[in-house]
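These are the residues of each chain, in order.
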Amino acid sequence: MQKERRAARPGLAAGAAARGFTLLELLVVVAIIGLLAAYAGPRFFGQIGKSEQAAARAQIESFHRALASYRLDTGAFPTTEQGLAALNTPPSGTLPAGAQWRGPYLGKAVPADPWGHAYIYRFPGVRGDYDLLSYGKDDKPGGSGDAADIGAD
């Protein structure tokens, strides 16, 4: 009977049983996982930055559509002081004759940009009727990559 056990498990001493992995085997596996993470990690995190920029562009486009509707209804864009909040709150004071606020123009409150900063809205604008942009990850004018201004073009 003991000879049958030895034949079934070659390389083990008599009566010894396989109880797990050796420390060397575990270190090799951890090293391989570390190499894979070092290779794939930068590619993955680079895509996160691109998706945040795409989300900011999409939000800015929806603000442009809402601002156009606001202007059609009220006859003017919101002032800088009113800001983007005017898309969800009726303007105080009187509107020009024939103008009527028919909002809200956004489905919910004005969100922050994907980095948690407020969007910049100025009326009148420097580049057009109004300026609407996000300063990017660093929340400072200018920059490149993740810190590039979005909507300033």
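Values in this document were obtained by computation on a predicted structure and should not be read as measured data.

Caption draft 1: Representation of the nonpolar core in the model. Counting residues in each nonpolar core, the largest one holds 19 residues, and the members touching the most others are Leu67, Leu84, Leu87, Tyr119, Tyr121 and Leu132. No other element matches helix α2 (residues 23-74), which puts six residues into this core. Leaving out residues up to four positions away in the same chain, leucine 132 has contacts with Ile60, Phe63, His64, Leu67, Leu84, Tyr119, Ile120, Tyr121, Ile150 and Gly151.

Caption draft 2: Representation of the pattern of salt bridges in the model. Evaluated as defined, the whole model comprises two salt bridges. A salt bridge links arginine 102 to aspartate 73; its shortest N-O distance comes to 3.3 Å. Remark: aspartate 73 occurs in helix α2 and arginine 102 occurs in the loop between α2 and β1 (120-122); sequence separation between them is 29 residues. Taking relative accessible area as the criterion, arginine 102 reaches 51% and is therefore assigned exposed. Classification of aspartate 73 as buried rests on a relative accessible area of 17%. Residue aspartate 131 pairs with arginine 122 through a salt bridge whose shortest N-O separation is 3.4 Å.

Caption draft 3: Here's a closer look at the confidence of the model for the protein chain. The share of residues in the protein chain with pLDDT of 70 or more is 84%, and the mean pLDDT across the chain is 84. The element-level mean pLDDT for the protein chain is lowest in helix α1 (residues 2-8), coming to 49, with β1 highest at 95.

Caption draft 4: Spatial organisation of the packing of aromatic side chains. Scanning the model with the defined rule gives six aromatic pairs in all. Ring plane angle 80° and centroid distance 5.2 Å describe the contact between phenylalanine 63 and tyrosine 119, whose orientation is recorded as edge-to-face. With phenylalanine 63 in helix α2 and tyrosine 119 in the loop between α2 and β1, the pair connects residues that are 56 residues apart, well separated along the chain. Just as phenylalanine 63 is buried, tyrosine 119 falls in that class too. For the ring pair tyrosine 70 and tyrosine 105, a centre distance of 5.6 Å and an interplane angle of 70° mean the geometry is edge-to-face.

Caption draft 5: Focus on a nonpolar patch on the surface. Taken together, the side chains of Leu24, Val28, Ile32 and Leu36 define a hydrophobic patch exposed on the protein surface, amounting to about 400 Å² of accessible area. Structurally, leucine 36 can be placed in helix α2.

Conventions we followed
Residues numbered from 1 in each chain as written. Predicted model: local features only at pLDDT ≥ 70, side-chain atom pairs only at ≥ 80, totals over all residues. Heavy atoms only, no water. Core = buried A, V, L, I, M, F, W, Y, C linked by side-chain atoms within 4.5 Å. Buried < 20%, exposed > 50% of the residue type's maximum accessible area, 1.4 Å probe, protein only. Helix = DSSP H or I, 4+ residues; strand = E, 2+ residues; numbered from the N terminus. Contact = heavy atoms within 4.5 Å. Salt bridge = Lys/Arg side-chain N within 4 Å of Asp/Glu carboxyl O. pLDDT = per-residue confidence, 0-100. Phe/Tyr/Trp six-rings, centres within 6.5 Å; stacked < 30°, edge-to-face > 60°. Patch = residues over 30% accessible without salt bridge, like charges linked within 9 Å, V, L, I, M, F, W, Y side chains within 5 Å. Areas by Shrake-Rupley, 256 points an atom, 1.4 Å probe, with all protein chains shown as cover.

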